[in-house]
Amino acid sequence: MVPVPGAAPALPVAAVAPPQWGISVSPSQVIAPVGSEVIMIATVTGYDGRWEPRQRVEWMLSPDGAGQFVSPGERGPLEILNWMHGLPKKVDNRFAVNKTFAAPMTLDRGTPTPTDDVLVQIGQSWTSVTSPTEGTSHVTVFAPEVYGWDRRQQTASIYWVDAQWRFPAPAMSPAGSRHALATNVTRQTDNSPLVGWLVRYTITGGPEAGFAPDGAASVEVVTGVSGEAIAEIFQKQPTAGTNQVSIQVIRPAGPAGQNRPLAIGAGSTLHTWTTSEQATRPAEPAPPAVVPAETAAAQLDVTISGPEVAVVGSDVHFEIQVVNRGNARATRLVVTNRFDAGLEHARSSSPVEADIVDLPPGGTSRLNVTFRVTRPGQWCQEITVTGERGLRATARGCVTVNEPQREQPAAPGAALPAERPGAASPDTAPGEARPQADTTATSSARLSVKQSGPDRKQVGETALFTIEVTNLSDQAIENFEIADNFETTLQPARATEGRTWLAGGALGWQIARLEPGKTIRRAIEFTCLRETSKSCNRVTVTAPGMEPQASEACLEIVRPQTEGAAPAGGQPQIDVTVAETADPIKVGTETTFQILVSNKSQQSAFDVTVTATFGNELRFEGATTPLPERPRIMPGEVRFPAVRELRAGENPLNFELRFKGQAPGAGRLHVEVTSRGQAKPITAEQTTEVLP
């Protein structure tokens, strides 16, 4: 195999074995704001690798830590025996008891968006934890019916922090000048400034630039009495372009060693260097267009996303998305799902019906459905959404079901092998691997972790992520773990040798010893299961007596390209980037999105149009635009007038959109850029979490 220049080194990989039997808890480690509610999921796995229903689970909070149980978990569907036994039950604020479900259930948090709903499957149980003060909650889960004392309990940690932050807004200045970046860190509970916190700025892309005083690519600044940490970015040689700057917020060590430095937040901003002053003027938002009643109409669009391949006996999960793309409210909506005989629903036979909330123009509703596949073949479901005034939309999705490969399960009491016998170990060299996240240890930390991986893959392709852990201390570090937590859109296929399943159900590695200054590398390969704009792999490194260090790498998963879909040669290369100033925000507070559109080809692009769409979580407040004409404002959409010509290499078009949080949920801004002769729009997205 010929190495690809600039690619991560190829590492030997081996097949991933199923998790070992026993109990696990997820998340195994998490950072959460004080006052929030963290959902904990426990899973009981049998000898054959299947999740076991109706298993007793006891939840215990360490008495010397922070936090308390809020809910002991709802009763599972059709669980009559649990009702008779008084389960689930919260004995007190630090002890709760429940049982694993015999049928799947979706936990609805009661917010307007379903994206924060949680699916609890057969063989799982749940509880929730909160804390009004900072500190650490140590949650132990215990399954008394699991054989083997080393398999019947696991512990997870929740790090509670009372902090919020606002990152610097994207900005523009003349090439060769200087610009101050200011991050403001305050308490979430009373908005008072937090003094002595650390903010790390790192230039991750763009033309040559650095931070004062010596031009370093990374700088750490301590917040002052106002809660601000200010870093000055500058250029030694004037060069037009845009620098991407990543930002980390780090909690300092507490008094008398109560806690260690902990990276609790991350974000980014953009700074654009221009060769000449760009004349921009703020554009007041135009009043929403009034649509006459006789022309106003709702228009529904429905899509299904989920796996394309499964095996007999497994569960398959699908997401149904309904969008109102019209200019009137869609009311009295009903979703009907008709599915084939090879798909088995836990609660009903075909068809299944559900009512959904009314959708305003641009509004979106998402539903989750789970089937057990019972026989081989291709099995389909057809979704029909109907509403008042003749509204109707349909979509169809299918899954191909194969017979499972039979393997002899381990006998009860036998030790499960760490590696699957006979597993292949091919060399893999990712052609497009690039650094995506780097969490460097603070001055008192000992380890750093860096992860690299592809930024874009197609459904069905494999994505290789490479992990590097470096010992930054002057002595060896022993007995630490590298835990890898991945999203459901990724399925582990292969990993470097030595991996195992850690506490909490995460795939990972247990490292016996790492010498000073040395670096170890591990790799894991995933199969991309379905289309998504952002799918992340998260790595956490923990060692005795140290705060965890984390790294996250994300990629976009797209549908496979059809033949002839490649863009025609000679077309202008339009590039669009989106950055935000604050994430998360609260309802009623403001954030700004900056959109930069540039032409990176050797020829002009004509009739360049920028359109931004957003959901109910955000309320549009106004825009700053480089164009003399005002944008057109519609419900859920801002459309800017077409730019007649964008010359090759010209300074990028800079659009700034201001929003306020309107409803809790994931506030997503989706940007589409079109130009004359362009086959399909260039898109980019950015999401801000809106808190109550």
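Residues numbered from 1 in each chain as written. Predicted model: local features only at pLDDT ≥ 70, side-chain atom pairs only at ≥ 80, totals over all residues. Heavy atoms only, no water.

Student: Would you mind showing me how to read the side chain of Gln-188 here?
Tutor: Structurally, the position occupied by Gln-188 is in the loop between strand 17 (178–186) and strand 18 (198–205). Sequence-distant contacts of Gln-188, defined by excluding residues within four places in its chain, comprise Pro-33, Val-34, Asp-162, Ala-163, Gln-164 and Lys-586. (Helix = DSSP H or I, 4+ residues; strand = E, 2+ residues; numbered from the N terminus. Contact = heavy atoms within 4.5 Å.)

Student: Sorry if this is basic, but what is going on with the state of the cysteines here?
Tutor: As used in these notes, a disulfide is a covalent bond between sulfur atoms, one from each of two cysteines. All chains considered together, the criterion is met by two disulfides. In this model, Cys-380 is linked to Cys-398 through a disulfide, with the two sulfur atoms separated by 1.9 Å. Here Cys-380 and Cys-398 share a disulfide; its torsion about the S-S bond, 105 degrees, makes the bridge right-handed. On the criterion of sequence distance, the pair formed by Cys-380 in strand 32 (residues 377–387) and Cys-398 in strand 33 (residues 391–402) is long-range, its members being 18 residues apart. Under the relative-accessibility criterion, Cys-380 is labelled buried at 5%. Classification of Cys-398 by relative accessible area gives partly exposed; the value is 29%. Between the sulfur atoms of Cys-536 and its disulfide partner Cys-554 the distance amounts to 2.0 Å. The S-S bond linking Cys-536 to Cys-554 shows a torsion near 100 degrees; that makes this disulfide right-handed. Within this pair, whereas Cys-536 is found in strand 44 (residues 532–542), its partner Cys-554 is found in strand 45 (residues 549–558), the two being separated by 18 residues in sequence. Assigned by exposure class, Cys-536 and Cys-554 land together as buried. Shown here for the chain is a disulfide pattern of 1-2, 3-4, where each number marks a bonded cysteine counted in sequence order. (Disulfide = S-S within 2.5 Å. Buried < 20%, exposed > 50% of the residue type's maximum accessible area, 1.4 Å probe, protein only.)

Student: What am I meant to see in the pairing of strand 55 (residues 665–674) here?
Tutor: Side-chain direction in a regular strand flips from residue to residue, so the side chains alternate between the two faces of the sheet. Examined bridge by bridge, strand 49 (residues 605–614) and strand 55 share six bridges and lie antiparallel to one another. Paired with Thr-613 across the two strands is His-670, which belongs to strand 55. The sheet contact formed by strand 55 and strand 56 (residues 682–691) spans nine bridges and is antiparallel. Looking at strand 56, one finds that His-670 is bridged to Glu-685. (Pairing = 2+ DSSP bridges.)

Student: Would you explain the nonpolar core in this entry?
Tutor: When a protein is soluble and globular, its nonpolar side chains tend to lie buried together. The biggest cluster of nonpolar side chains holds 31 residues, and the ones touching the most others in it are Ile-595, Val-597, Phe-655, Leu-657, Leu-669 and Val-671. Secondary-structure elements contributing two or more residues to this core are strand 46 (574–580), strand 48 (590–599), strand 49, strand 50 (618–625), strand 53 (643–646), strand 54 (653–661), strand 55 and strand 56. Ranked by residues supplied to this core, first place goes to strand 49 with five residues. When near neighbours in sequence (up to four residues on either side) are disregarded, Val-597 contacts Ile-574, Asp-575, Val-576, Val-608, Val-610, Leu-646, Pro-652, Leu-653, Phe-655 and Val-673. Ala-298, Val-312, Leu-333 and Leu-391 belong to the second largest nonpolar core, which has 29 residues in total. (Core = buried A, V, L, I, M, F, W, Y, C linked by side-chain atoms within 4.5 Å.)

Student: Looking at this model, I keep getting lost on the packing of aromatic side chains. Mind explaining?
Tutor: To describe a pair of aromatic rings, you give the distance between the ring centres and the angle between the ring planes. Overall, the coordinates contain nine aromatic pairs when judged by the stated rule. Taking the centre distance of 4.9 Å and the plane angle of 55 degrees together, the rings of Trp-21 and Tyr-47 count as tilted. Of the two residues, Trp-21 is situated in the loop between strand 2 (14–15) and strand 3 (22–26) and Tyr-47 in the loop between strand 5 (38–45) and strand 6 (56–61); the sequence distance between them amounts to 26 residues. Relative to Phe-526, the ring of Phe-465 lies with its centre 5.8 Å away and its plane at 70 degrees, an arrangement referred to as edge-to-face. You can see Phe-465 sitting in strand 38 (residues 462–471) and its partner Phe-526 sitting in strand 43 (residues 519–528), a full 61 residues away along the chain. Among the aromatic residues, those joined into a ring-pair cluster are Phe-593, Phe-614, Phe-620 and Phe-659. Between Arg-151 and the ring centre of Trp-21, over which it is positioned, the NZ or CZ distance is 4.5 Å. (Phe/Tyr/Trp six-rings, centres within 6.5 Å; stacked < 30°, edge-to-face > 60°. Lys NZ or Arg CZ within 6 Å of the ring centre and 35° of its normal.)

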